[in-house]
Amino acid sequence: MTTVSAERLATLFVDVADTLVDDFDVVEFLQMLTRRVAGLFGTGEVGLMLADHRGRLAFMAASDESARLMELFQLQYGDGPCLDAFRTARPVTNVNLAAATAKWPEFAPRAAQAGFQSAHAFPLRLRKEVIGAMGVFGSATELDEADAHIVQSLADVAVIGLLQERAIHRGEVLTGQLQGALNSRIVIEQAKGIVAQARGVSPDAAFSLIRDYARRNNRRLSEVADTIVTNLPSLPHLGGH
Amino acid sequence: MTVVDEFVVRVARLVADEPSRPGDHHGVAGKLRRLCTAAGRTLSASGAGVSVLATGGMRGVAAVSEPAYEPLEELQFSLGEGPCLDAFTDRRPVLVPDLSDGAMSRWPGYASALHDKGVRAVFAFPLQIGAARLGALDVFRGEVGSLTPDEFRDALTFADIAVMTLLDGQARAVPGAAADGLDDEVVGQRAELFQAQGMVAVQLGISLADALARLRAYAYAEDRALGDVARDVVARRVSFDSGRP
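The rules we used
- Residues numbered from 1 in each chain as written.
- Chains lettered and ligands numbered in written order.
- Predicted model: local features only at pLDDT ≥ 70, side-chain atom pairs only at ≥ 80, totals over all residues.
- Heavy atoms only, no water.
- Helix = DSSP H or I, 4+ residues; strand = E, 2+ residues; numbered from the N terminus.
- Rg over C-alpha atoms; globule rule 2.2 N^0.38 Å.
- Pairing = 2+ DSSP bridges.
- Axes fitted to C-alpha atoms, helices over the stretch in contact; angles between N-to-C directions.
- Contact = heavy atoms within 4.5 Å.
- Buried < 20%, exposed > 50% of the residue type's maximum accessible area, 1.4 Å probe, protein only.
- Domains from an automatic or database assignment.
- Buried area = accessible area lost by both parts, 1.4 Å probe.
- Salt bridge = Lys/Arg side-chain N within 4 Å of Asp/Glu carboxyl O.
- Polar contact = N/O pair within 3.5 Å; in protein donor to acceptor, adjacent residues only side chain to side chain.
- Nonpolar A, V, L, I, M, F, W, Y, C, P; charged D, E, K, R; others polar.

Participant: I would appreciate a short explanation of the overall build of chain A in the present structure.
Facilitator: Looking only at helices and strands, chain A features 8 helices and 5 strands. Counting helices and strands in the order they occur from the N terminus, chain A gives α-α-β-β-α-α-β-α-β-β-α-α-α. For 241 residues, the compact-globule estimate of 2.2 N^0.38 gives 18 Å, and the C-alpha radius of gyration of chain A, at 28 Å, exceeds that figure by more than 25%. In terms of principal-axis extent, the alpha carbons of chain A reach across some 85 × 40 × 30 Å.

Structure, rendered in structure tokens:
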């Protein structure tokens, strides 16, 4: 694969870095990544696994069914190139599967039986964090140092995109929680004003009425406040008529 | 990646090194006050403020660099106009290096209030991450002039750190509650406004949004602060159903 043109590589990197689109989908993105990397090799297939927040690996995407099986074998039997790359945070390259039975007693014979001759794997890493691994399964393909560097760089760029997506998702969830919490406080104040006016009492007294009503009816305060601001007539005790 | 990190680290240190003050609020609000002060100094500004919004268009001041800027930041909410609201709505920075240049027609009420307080330039930066929006950072300057490219980059970095501060605070919050210190700052200080809104809605049989508009119109016509009018409504010194306002 050392014959990849600079132009083709540049396009590849742009594709892989492009995670800031409106309808970004992690699985689709990883699917694209595995297909693109497989495309670099001519006779190789690519599979990818990611770790969840507890560090457990799970299959995410593969360029074809045979690569998906290779990833699943590793996860099921607990050995193989991706697990090594994940554990050591270093690439595993040019392993001849026919001679790797001592290294991976479970994975090597199954991969060889499936028709693969060589295996490589690259950690998906950002600084010290390793979030997964990408495996490349091929016929007698040899990767030289430059090839390995290109594949590792693609993996690194993909990780930046993935972590960015994770950070944005977390940000959106937390923003929603913050706004929701502030909003429920505001609604309670508005409800106090509504009940105060409707019942001719002070806002403090109105709050006591609302709280007592919520307790008596086993409802949450914010839920009662919501009903007051949206549908007061349904609450005759609190001033609705 | 590394270059961006360096800016974040440097600006984060400016915020961390900012000494706390006796009146500082606890939690996120106190951190944002220090951020505003550090941003004001770094950007040669006379003052800075962070406003946060709740759903339903309700906004509130979370922190200001100096107490004198609290009313200015708050006024945008009272009037329903200003650079902070525009930065938030448009999701992009609002840069007004010379307030006498068109700002009067853009924000008739707010621009003249700024001018009266000696503000000559204002810059607002949205606080956002992905599609989510949290509020805006306002930077006020006493002199006409644009931000330099370095200042612009620093201002965006201050805005990023304000976002991180808010999100980290929210990540540690009790489920269902807002980040520590924000409840009191954003909602508590203006509790009477929301109560007055509810009362006026009942007095006139109108929606909460219309009630807020009526309160704003009344404050504007009487040339009084919205908060003062709200206090009078809650104390029943002002009523909207007796034909007076």
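Moving on from the model shown.
Participant: Which parts of the structure should I look at to understand the sheet that holds strand β5 (residues 129-138) of chain A?
Facilitator: Remark on secondary structure: sheet strands pair via backbone hydrogen bonds, oriented parallel or antiparallel. Residues and elements named next belong to chain A. Strand order in this open sheet of 5 strands is β2-β1-β5-β4-β3, and the pairing throughout is antiparallel. Only two strands of the sheet have a single partner each, and these edge strands are β2 (57-62) and β3 (92-96). Strand-to-strand, the axes of this sheet are offset by a mean angle of 20 degrees, without reference to chain direction. Relative to β2, strand β1 (residues 44-51) runs antiparallel, the two sharing 5 bridges. Its bridge partner being in β2, Gly47 is matched across the sheet by Ala62. Here helix α3 (residues 65-77) sits on the sheet and contacts β1, β2 and β5; the angle it forms with β1, its principal contact strand, is near 40 degrees.

Participant: Help me understand the side chain of Gln152 of chain A in this model?
Facilitator: Residue placement: Gln152 of chain A occurs in helix α6 (residues 145-199). The residues contacting Gln152 of chain A, other than those within four sequence positions of it, are Pro91, Phe122, Pro123 and Arg125 of chain A.

Participant: What is the right way to look at the pairing of strand β1 (residues 47-53) of chain B in this model?
Facilitator: For a regular strand, side-chain orientation follows a simple rule: the groups alternate between the two sheet faces. Residues and elements named next belong to chain B. Across the 7 residues that make up β1, a large majority, 7, are buried. Residues Gly47, Gly49, Ser51 and Leu53 point to one face of β1 and Ala48, Val50 and Val52 to the other, with burial holding for every one of them. Sheet analysis places β1 next to strand β5 (residues 132-141), joined by 6 bridges and oriented antiparallel. Bridge assignment links Gly47 to a residue of β5, and that residue is Phe140.

Participant: Hey, could you run me through the environment of Ile210 of chain A in this one?
Facilitator: Residues and elements named next belong to chain A. Summarising the element assignment, Ile210 is placed in helix α7 (residues 203-216). Taking the C-alpha atoms as reference, Ile210 lies 8.4 Å from Ala191; in sequence the two are 19 residues apart. When neighbours within four sequence positions are excluded, Ile210 is seen to be in contact with Ala191, Lys192, Val195, Leu221, Val224, Ile228 and Leu238.

Participant: Mind showing me how you'd approach the domain arrangement of chain B here?
Facilitator: Interfaces are often described in size by the accessible area the parts lose on coming together. All names here are of chain B. In terms of domains, chain B is made up of domain 1 (2-180) and domain 2 (189-234). Counting residues at the interface gives 10 residues for domain 1, matched by 9 residues for domain 2. Regarding the contact of domain 1 and domain 2, the summed buried area is about 700 Å², with carbon and sulfur atoms giving 58% of it. The tally of links between domain 1 and domain 2 comes to 1 salt bridge. Of the charged contacts, one joins Arg190 and Glu74 as a salt bridge, the two residues approaching to 3.6 Å between their closest N and O atoms. Connecting domain 1 to domain 2 are 2 residue pairs in polar contact (both at pLDDT 80 or more). A total of 4 residues in the side of domain 1 that touches domain 2 trace back to one element, the largest contributor, which is helix α3 (residues 70-79).

Participant: Help me out: how do you make sense of the interface of chain B and chain A in this one?
Facilitator: Tallying the contact residues gives 40 residues for chain B and 29 residues for chain A. Counting across the chain B and chain A interface gives 1 salt bridge. Here Asp168 of chain B and Arg170 of chain A are joined by a salt bridge, their closest N and O atoms 3.1 Å apart. At the boundary of chain B with chain A, the tally comes to 7 residue pairs in polar contact (both at pLDDT 80 or more). When residues of the side of chain B that touches chain A are traced back to their parent elements, those giving at least two are β1, β5, α7 (149-171), α8 (182-187) and α9 (191-204) of chain B. Broken down by element, the side of chain B that touches chain A gets its largest block of residues, 8 residues, from α9 of chain B. Tallied by class, residues from the side of chain B that touches chain A come to 24 nonpolar, 9 polar and 7 charged.

Participant: Explanation requested: the domain arrangement of chain A in the structure shown.
Facilitator: Domain assignment breaks chain A into domain 1 (6-171) and domain 2 (181-238). A C-alpha centroid distance of 56 Å is found between domain 1 of chain A and domain 2 of chain A.

Participant: Quick question: what am I supposed to make of the side chain of Asp232 of chain B here?
Facilitator: Locating Asp232 of chain B in the fold gives a position in helix α11 (residues 226-234). Of the residues examined, Asp232 of chain B reaches a relative accessible area of 11% and is grouped as buried.

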